[in-house]
Amino acid sequence: MSHNSVEKLVKMANQIGAFFGAQKASQSAAGMAEHLMKFWDPRMRALIIEHVAHGGTGLDPIALEAVKKLPPVK
Amino acid sequence: MTLIKETDYGTPESKSEKMITLTIDGKSVTVPEGTSIMRAAMESGTEIPKLCATDSIKAFGSCRLCVIEVEGRFGTPASCTTPVAPGISVKTQTPRLAAIRKGVMELYISDHPLDCLTCAANGDCELQDMAGAVGLRDVRYGYDGANHVFARNSGEANFDWKPKDESNPYFSYDPSKCIVCNRCVRACEEVQGTFALTISGRGFDSRVSAGMDEAFFESECVSCGACVQACPTATLTEKSVIAIGQPEHSEVTTCAYCGVGCTFKAEMRGEEVVRLVPWKDGKANHGHSCIKGRFAYGYAHHGDRITEPMIRETIDQPWRVVSWDEALDFATSRMKAVQEKYGRNSIGAISSSRCTNEETYLVQKLVRAGYGNNNIDTCARVCHSPTGYGLNQAFGTSAGTQDFDSVDDADVILVIGANPTDAHPVFGSRMKKRLREGAKLIVIDPRRIDLVRSPHIQSDYHLPLKPGTNVAMVTALAHVIVMEGLANETFIRSRCDWEEYQDWATFVSRPENSPEALAATLGVSAADVRGAARLYATGGNAAIYYGLGVTEHAQGSTAVMGIANLAMATGNLGRRGVGVNPLRGQNNVQGSCDMGSFPHELPGYQHISGDKARAVFEEDWGVKLDREPGLRIPSMFDSAIEGLFKGLYVQGEDILQSDPDTRHVSAALANMECVIVQDLFLVETANYAHVFLPGATFLEKDGTFTNAERRIQRIRKVMSPKNGYGDWEITQLLANRLGMNWTYTNPSEIMDEIARLTPSFSGVSFEKLDRDGSVQWPCNDEAPNGMPIMHVEGFARGKGKFVITEYVPTDEKVGPRFPLLLTTGRILSQYNVGAQTRRTENSRWHEEDLLEIHPHDAEERGVHDGDWLKVQSRAGETTLRAKVTDRVAPGVVYTTFHHPMTQANVITTDNSDWATNCPEYKVTAVQISTSNGPTEWQERYRELSETSRRIAGAVDAAE
């Protein structure tokens, strides 16, 4: 796992968070979590989940909340 | 097989619903009001002689050959310009009419060369046909002609005679054969809308003249071929017909260039293409064409085409030509070895938007069922993936809402981030026709595209926004619509989720979303934004057409949803003349997306995690499928750089040239252990390939393409594949080496499987397409003949969804180091990475990519027209020549990306759309400086290309 790759995922997650953060508050983190489940491959999800387990540096609050909603990757 | 000869009715069809009954030659005929007598006669089976009339253009009434007599009326009116009237009785042949026609023909022939036997139009000449039809037996005025026939008359130079103009590489203009029927001039105006041709001189001196009496190639002619098609003589003739002769059979097929999907008659002599002629019954093009589809098919025979498989152990070795068996075995064992060593998910494939639906379907099936993962993606990732995502969110289907014909009913046309006259030329001509009829036009584009102002076209609003601000623009337009009470609340209440609308309306109404507040961000005056919004909302039927200038941004998907919001808020959906229309880049972008080319979706946009959908495929294919989405193209590259992704099968895509951040892509490819490239040429990606499987052109295989209006159309094999196999056969050979036991003998069987597994395609079959010509999906029990206009009664998803589209500025910002914004686009004569068009004479129109720069920015940097410029971004640098023009705004520079040495994608960055990772091609912050020539990277790349394209000499004869 290279540093660069996680950095990229953090940037992507924050971009997604910016969209869902603008939607209705009740739906935003759940909406983002659903988006990640639908479109991110398991490796990307595993990397971001692990990153959050280590504190999730760089992630915006909504992205952080959404990643925490993700089920563990098998 | 025979030569398809379409009936020429002489004048266009009348759209009136009122029917008129009259008598022609004693026969009762009923036709729509407004139909010409000429057309009415033809519809009832009587062909009135004609020369200046043809049904693609309006009646002109100049040749006087089509005269008729109407009982009770004086004189002999022209049947092309005389409309039918109730109860009239028409005679098409009387002694008086015969004498008039003979006299007319005598005059024509008296000044026309009589070299019929050696004339290129021999066998396809309307003048010859008419001479026969009127019984011309003698010409009382002699055959010497005054000005058309001979270069010298009685030994004296004939200054009225004009030599041939051979300047256009595809057709020749021979003034000596011209009968001044004006058909070419009218076709250029009415059909193409370029107004490049005129008649110079008057009376006997009248001549067809391109531009200001220039050579065709030097004039503003766009080489669409409409004039050539309209010409009744050999005056304008395809050079291929001059070289080969008249065709003897033809097949209807579909163009393999842009997403318009024009259908053509491939006119053949044996297996040799004589010419491609646009098919009148083609629902996408109605008999029109552009320079690419009509003429640029020569790449199929270009010397660069590779027709034998090749392999190599490592990419620094020269290629070795091998048998198909050896190549396929090598490819298979390598892919297997990679999977054994690095795991099931270490390989994948990229399918092509240039290949057929059937071929794309097979590639994704190979990946899902054969490789056992979902690592399948397609080049739509880098163009219209935000369209799929955005429109699916808003409406419930990942596709445009209209057919092309719908534009005829549009009162306001809003073009955003698209350049139809260059990138979708045949539809661009349709649009221009509607604009000349009076429709209003709004253009939202950083660059002054041709539609903003060209002959007889003038946009009502051009909003030259800063690249990267589409979402702010769309929201500002919505602000005006909502705040000024222009929203169509009746439509919204009945068709959309009212609560979501209210949330959205509250959002767009915020003061920070007003045109005034956003004026500085957009770089467009608030008054113009307000004016455009009012026009869109109140001007009648309003249709939005958009392209990659919307999707290829960090907020591409948001912009698509914003566009959908505008259409829903104004009720511009669900009928003719309105809608949201994505203009697709490549011929089969729609189809490749439909066919399950995305890693998260099975064919028909069925999500891979859906147990029900997966079960249907699992049962049919007899394998267990992975329920997790696979890797997207950018993830494939990232994983490759990390050493996790090691094998890639690429069908018909040149990812190294077309994908952003070339250095990143090449590093990823170099890290792989098995790259299989299936293509026509050694494309840039092949520099990094271990296996090259030669592909087939669209002329060499059967299948279907799906165009931007969801129209499924056949392509038909007109010649044997030079490489031996259609691309679908090659995928099948690869699959069977993995033990998959596929037994398709014809692509129609693949379509049957698609229909069986995909609810929106269940009514599609080759048989239906052969019978009906084409069908627009969905095509199933609910819509047995397809659906030209979608969401008529309700949206596919139920209630239309308003999504809040907050503007988030891209990370790609200008600053002291990179003060200019680079945006990219296409040019008419070239197509995408140019692999095909650069290998045709089209390159004469566009020999290199140029950097457009505003005079102000140029002067600041001491740049002159034609100077070599270095363009630097944070990703890399390249050089190209300058074109100083005020088409671009100050602060913006623009280039095309058709030539590999330009390396435009060395400078584009890895920024991408938040939802789909579609690259942000349209915005790159750059600096420009003068330069002496190509950069070191370009030089090194040139060397690498040359080295990696080496093919080892002929194999030892003893082998």
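One can find the structure itself at the top, above this paragraph.
All of these numbers come straight from a predicted model, not from anything done at the bench.

Chemist: Give a detailed account of the overall build of chain B, specifying residues and quantitative values.
Modeler: A count of helices and strands for chain B gives 30 helices and 38 strands. Seen through its C-alpha atoms, chain B measures out along the principal axes to roughly 90 × 85 × 65 Å. Taking all 959 residues of chain B together, the buried fraction comes to 64%. Counting contacts in chain B only where the partners sit at least 6 residues apart, residues at least 24 apart contribute 72% of the total. Counting only carbon and sulfur atoms, one obtains 50% of the accessible surface of chain B, whose full area is about 33,700 Å². Charge centroids of chain B, computed over 98 positive and 124 negative side chains, lie 3 Å from each other.

Chemist: Requested: an account of the pairing of strand 24 (residues 579-582) of chain B, with residues and values cited.
Modeler: Residue and element names in this part refer to chain B. A two-sided burial pattern is seen for strand 24, the buried positions comprising Gly579 and Asn581 on one face and Val580 and Pro582 on the other. Looking at chain direction, strand 23 (residues 542-546) and strand 24 are connected through 4 bridges and run parallel. Along strand 24, the bridge assignment pairs Ile544 with Val580.

Chemist: Break down the interface of chain B and chain A for me, with residues and values.
Modeler: With 31 residues of chain B in contact, the opposing surface of chain A contributes 24 residues. Between chain B and chain A, roughly 2,300 Å² of surface is buried when both sides are summed, and carbon and sulfur atoms account for 51% of that area. The tally of links from chain B across to chain A stands at 11 residue pairs in polar contact (both at pLDDT 80 or more). Here the side of chain B that touches chain A is composed, by residue class, of 11 nonpolar, 10 polar and 10 charged.

Chemist: Talk me through helix 10 (residues 385-394) of chain B; I want residue IDs and the actual numbers.
Modeler: Residues and elements named next belong to chain B. The buried fraction of helix 10 is high, at 8 of 10 residues. Residues of helix 10 that are buried include every one of Ser385, Pro386, Thr387, Gly388, Tyr389, Gly390, Leu391 and Ala394, and no others. Just downstream of helix 10, Gly396 is the residue with a positive phi angle, here 100°.

Chemist: Any chance you could break down the state of the cysteines for me, citing the residues and the numbers?
Modeler: Residue and element names in this part refer to chain B. Considering all chains together, one arrives at 0 disulfides over all chains under this definition. Among the cysteines around Cys255, which has no disulfide bond, Cys262 carries the closest sulfur, lying 6.1 Å off. Of the residues examined, Cys255 reaches a relative accessible area of 9% and is grouped as buried. We note that Cys779 lacks a disulfide partner, and the nearest cysteine sulfur, in Cys593, lies 19 Å from it. A relative accessible area of 0% means that Cys779 is categorised as buried.

Chemist: Requested: an account of helix 15 (residues 498-509) of chain B, with residues and values cited.
Modeler: Residue and element names in this part refer to chain B. With 12 residues, helix 15 extends 16 Å between its outermost C-alpha atoms, agreeing within 8% with the 16 Å of an ideal straight helix rising 1.5 Å per residue. Of the positions making up helix 15, those classed as buried are Tyr501, Trp504, Ala505, Phe507 and Val508. Down the axis of helix 15, the buried side of the element spans an arc of 160°, and every buried residue falls inside it. Where helix 15 is buried, its residues meet helix 13 (470-483), helix 14 (489-495) and helix 19 (556-569).

Chemist: Lay out the environment of Val52 of chain A with the relevant residues and their values.
Modeler: All names here are of chain A. As for its position among the elements, Val52 is in helix 3 (residues 42-53). Judged by relative accessible area, Val52 falls into the buried class, the value being 13%. Separated by 12 residues in the primary sequence, Val52 and Trp40 place their C-alpha atoms 16 Å from one another. In this structure Val52 touches Leu59, Leu64, Val67 and Lys68, once residues within four positions along its chain are discounted.

Chemist: Break down the sheet that holds strand 13 (residues 272-278) of chain B for me, with residues and values.
Modeler: Residues and elements named next belong to chain B. In space, the 3 strands of this open sheet follow the order 11-12-13, with antiparallel pairing throughout. A single partner strand is all that each edge strand has here, and the edge strands are strand 11 (249-254) and strand 13. For this sheet, the mean inter-axis angle between neighbouring strands, taken without regard to orientation, is 30°. Bridging between strand 12 (residues 263-269) and strand 13 involves 6 bridges; their strand directions are antiparallel. Among the inter-strand pairings, Glu267 is bridged to a residue of strand 13, identified as Arg275.

Chemist: Describe the packing of aromatic side chains, and please don't skip the residues or the numbers.
Modeler: Residue and element names in this part refer to chain B. Considering all chains together, one arrives at 28 aromatic pairs over all chains under this definition. Measuring from centroid to centroid gives 6.3 Å for Tyr257 and Tyr299, while their planes differ by 70°, and the two rings are edge-to-face. Pair noted here: Tyr257 is in the loop between strand 11 and strand 12 and Tyr299 is in the loop between helix 7 (291-295) and strand 14 (310-311), with a separation of 42 residues, a long-range link. For Tyr299, a relative accessible area of 2% gives the class buried. Residues Tyr389 and Trp914 carry aromatic rings whose centres are separated by 5.6 Å and whose planes lie at 85° to one another, so their mutual orientation is edge-to-face. Residue Tyr389 is found in helix 10, and its partner Trp914 is found in the loop between helix 29 (904-907) and strand 38 (924-930); the two are separated by 525 residues along the sequence. For the residue pair Tyr389 and Trp914, the accessibility class agrees, reading buried in each case. The ring of Trp319 carries Arg312 above its face, with NZ or CZ at 4.0 Å from the centroid. Cation over ring: Arg844 sits above Phe217, and NZ or CZ is 4.8 Å from the ring centre.

Calculation rules
Residues numbered from 1 in each chain as written. Chains lettered and ligands numbered in written order. Predicted model: local features only at pLDDT ≥ 70, side-chain atom pairs only at ≥ 80, totals over all residues. Heavy atoms only, no water. Helix = DSSP H or I, 4+ residues; strand = E, 2+ residues; numbered from the N terminus. Buried < 20%, exposed > 50% of the residue type's maximum accessible area, 1.4 Å probe, protein only. Contact = heavy atoms within 4.5 Å. Areas by Shrake-Rupley, 256 points an atom, 1.4 Å probe, with all protein chains shown as cover. Lys, Arg positive; Asp, Glu negative; His and termini not counted. Charge placed at Lys NZ, Arg CZ, Asp CG, Glu CD. Pairing = 2+ DSSP bridges. Buried area = accessible area lost by both parts, 1.4 Å probe. Polar contact = N/O pair within 3.5 Å; in protein donor to acceptor, adjacent residues only side chain to side chain. Nonpolar A, V, L, I, M, F, W, Y, C, P; charged D, E, K, R; others polar. Disulfide = S-S within 2.5 Å. Expected span 1.5 Å × (residues − 1). Arc of directions from axis to C-beta. Axes fitted to C-alpha atoms, helices over the stretch in contact; angles between N-to-C directions. Phe/Tyr/Trp six-rings, centres within 6.5 Å; stacked < 30°, edge-to-face > 60°. Lys NZ or Arg CZ within 6 Å of the ring centre and 35° of its normal.

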